[in-house]
Amino acid sequence: MDIKEVRKTAKERMKGYCQVCAVCDGRACAGQVPGMGGLGTGAAFMANLHALAACRFNMRLIHGVDSPRTEVGLLGQRLAMPVLAAPIGGVAINMGGGVSEEDYIKAVLKGCLFRGVLGCTGDGIPPFIIDAALAALAEVGGNGVPFIKPWGGQELGEKMRRVQKSSPVMLGMDIDAAGLVTLTLMGRPVSPKPLEKLKEIIAASPAPFIVKGVMTPEDACLAVQAGAEAIVVSNHGGRVLDHTPGTAEVLPCIAAAVKGQVAILADGGVRSGGDVLKMLALGADAVMIGRPISVAAVGGLEEGVVAYLDQIRSELTAAMVLTGTADVSRVSPDILAPAL
Ligand SMILES: Cc1cc2nc3c(=O)[nH]c(=O)nc-3n(C[C@H](O)[C@H](O)[C@H](O)COP(=O)(O)O)c2cc1C
């Protein structure tokens, strides 16, 4: 399937919710939450793009790297490249409902599996978001990563029990959703988790646990202390707090604090294979891609996701060759030029 065709169809299906811009940078959709935008001014979404754009490659061509290795291990799983589809839910409220929640999330999980990577599923209100996610996860034999919200009260226990039944290969919590306006508007209890509570949640997890929404070395160290096996350096695509730094800005400090103690994932503004390589050079072990995979899934379902992942893989390989990077699990920070 041609990616141009996928984007064209997505543009029709997402009319009024996403303009499928040439560069998905948060300008056209600023403030559109619900929708595909960033919260408020959209500055945190845009900061993700700016931070990555500010990183430039040192091009190296006198070396023997012509077929670099993109395979990588993550929490016991083998991935064809260090990329996951970020958890995104709420097709009707955020994307216009051009495809159903069920078809959407199946396309993400199956498209990812077909290309040897993992898709994540989201959570939220209405409950059919997680219903569709768990049904799709069951269909792929648990080969995906469900993320639940930092619910309060009984809802947390109930969601954990439901997620466990789908026997996922790993599972996570987007702790930054504690500030999500869409949930607050609906009167549903989400909250920050003190260290002891996070420890309890992680201890009860049947699979390696990922804490998503880490933006400081302090929180990264606390997540490690709580027993997380991975963190995601993420500002939720700029959807929870206006005016945070870009994730690529904070990633090096976080990596300096916890690299090697926990797997480090990062997301926010990753739009090309080159961006994937930049995040790895800044200290990530793998990245998540959000909105562009949603666009691919809405525009072309499973085939759309596969086409998009193929594009990312070939761009990543080209960027590795052009920086002399032989192995995706050993990316040198020296492939990046000093900041301007
Ligand atoms: C419409 C929408 C819904 C999202 N829903 C969730 C969710 O349910 N759980 C979650 O952890 N993150 C959610 N996110 C955040 C993404 O997982 C991810 O952090 C972010 O989109 C990455 O930035 P990018 O879209 O610029 O790649 C959502 C993002 C969008 C745009």
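The coordinates are above.
All of these numbers come straight from a predicted model, not from anything done at the bench. (Residues numbered from 1 in each chain as written. Predicted model: local features only at pLDDT ≥ 70, side-chain atom pairs only at ≥ 80, totals over all residues. Heavy atoms only, no water.)

Peer 1: I would appreciate a short explanation of the overall build of the protein in the present structure.
Peer 2: For the protein, the count of helices and strands is twelve helices and ten strands. Its C-alpha atoms give the protein a radius of gyration of 18 Å, near enough to 20 Å, the size a compact globule of 340 residues would have. Dimensions of the protein along its principal axes, counting C-alpha atoms only, are 60 × 45 × 40 Å. Residue burial in the protein is summarised as follows: out of 340 residues, 58% are buried. Contacts in the protein between residues far apart in sequence, at least 24 positions, make up 72% of those at least 6 positions apart. When the accessible surface of the protein is totalled, it reaches about 13,600 Å², and 56% of it is carbon and sulfur. In the protein, which carries 31 positive and 32 negative side-chain charges, the distance between the mean positions of the two groups comes to 2 Å. (Helix = DSSP H or I, 4+ residues; strand = E, 2+ residues; numbered from the N terminus. Rg over C-alpha atoms; globule rule 2.2 N^0.38 Å. Buried < 20%, exposed > 50% of the residue type's maximum accessible area, 1.4 Å probe, protein only. Contact = heavy atoms within 4.5 Å. Areas by Shrake-Rupley, 256 points an atom, 1.4 Å probe, with all protein chains shown as cover. Lys, Arg positive; Asp, Glu negative; His and termini not counted. Charge placed at Lys NZ, Arg CZ, Asp CG, Glu CD.)

Peer 1: I would appreciate a short explanation of the site of the ligand in the present structure.
Peer 2: In the vicinity of the ligand lie 22 residues, with Pro-87, Asp-267, Arg-271, Gly-290 and Arg-291 positioned nearest. With respect to the ligand, the side chain of Asp-267 contributes an N or O atom lying 2.6 Å from an oxygen atom. Partitioning the shell around the ligand into residue classes produces four nonpolar, ten polar and eight charged. (Near = heavy atom within 4 Å. Polar contact = N/O pair within 3.5 Å; in protein donor to acceptor, adjacent residues only side chain to side chain. Nonpolar A, V, L, I, M, F, W, Y, C, P; charged D, E, K, R; others polar.)

Peer 1: Sorry if this is basic, but what is going on with the packing of aromatic side chains here?
Peer 2: Given two aromatic rings, their pairing is described by the distance between the two centres and the angle made by the two planes. Per the counting criterion, the structure on display carries zero aromatic pairs. The ring of Phe-57 is capped by Lys-278, whose NZ or CZ atom sits 5.6 Å from the centre of that ring. (Phe/Tyr/Trp six-rings, centres within 6.5 Å; stacked < 30°, edge-to-face > 60°. Lys NZ or Arg CZ within 6 Å of the ring centre and 35° of its normal.)

Peer 1: When you look at unusual backbone geometry in this model, what are you seeing that I'm missing?
Peer 2: Glycine aside, negative phi is the norm for most residues, and most peptide bonds take the trans geometry. Look at the link from Val-33 to Pro-34: it is a cis peptide, with omega at -5 degrees. Here the residue pair Ile-125 and Pro-126 is connected by a cis peptide bond, since its omega of 0 degrees sits within 30 degrees of zero. As for its placement among the helices and strands, Pro-126 is situated in the loop between strand E4 (118-121) and helix H5 (128-139). For Leu-75, which is not glycine, the phi torsion reads 45 degrees and is therefore positive. One non-glycine residue, His-236, adopts positive backbone phi at about 60 degrees. Considering the arrangement of structural elements, one finds His-236 in the loop between strand E8 (230-233) and helix H10 (247-258). Taking the relative accessible area as the measure of exposure, His-236 reaches 13% and is therefore buried.

Any link to function would need more than the numbers given here.
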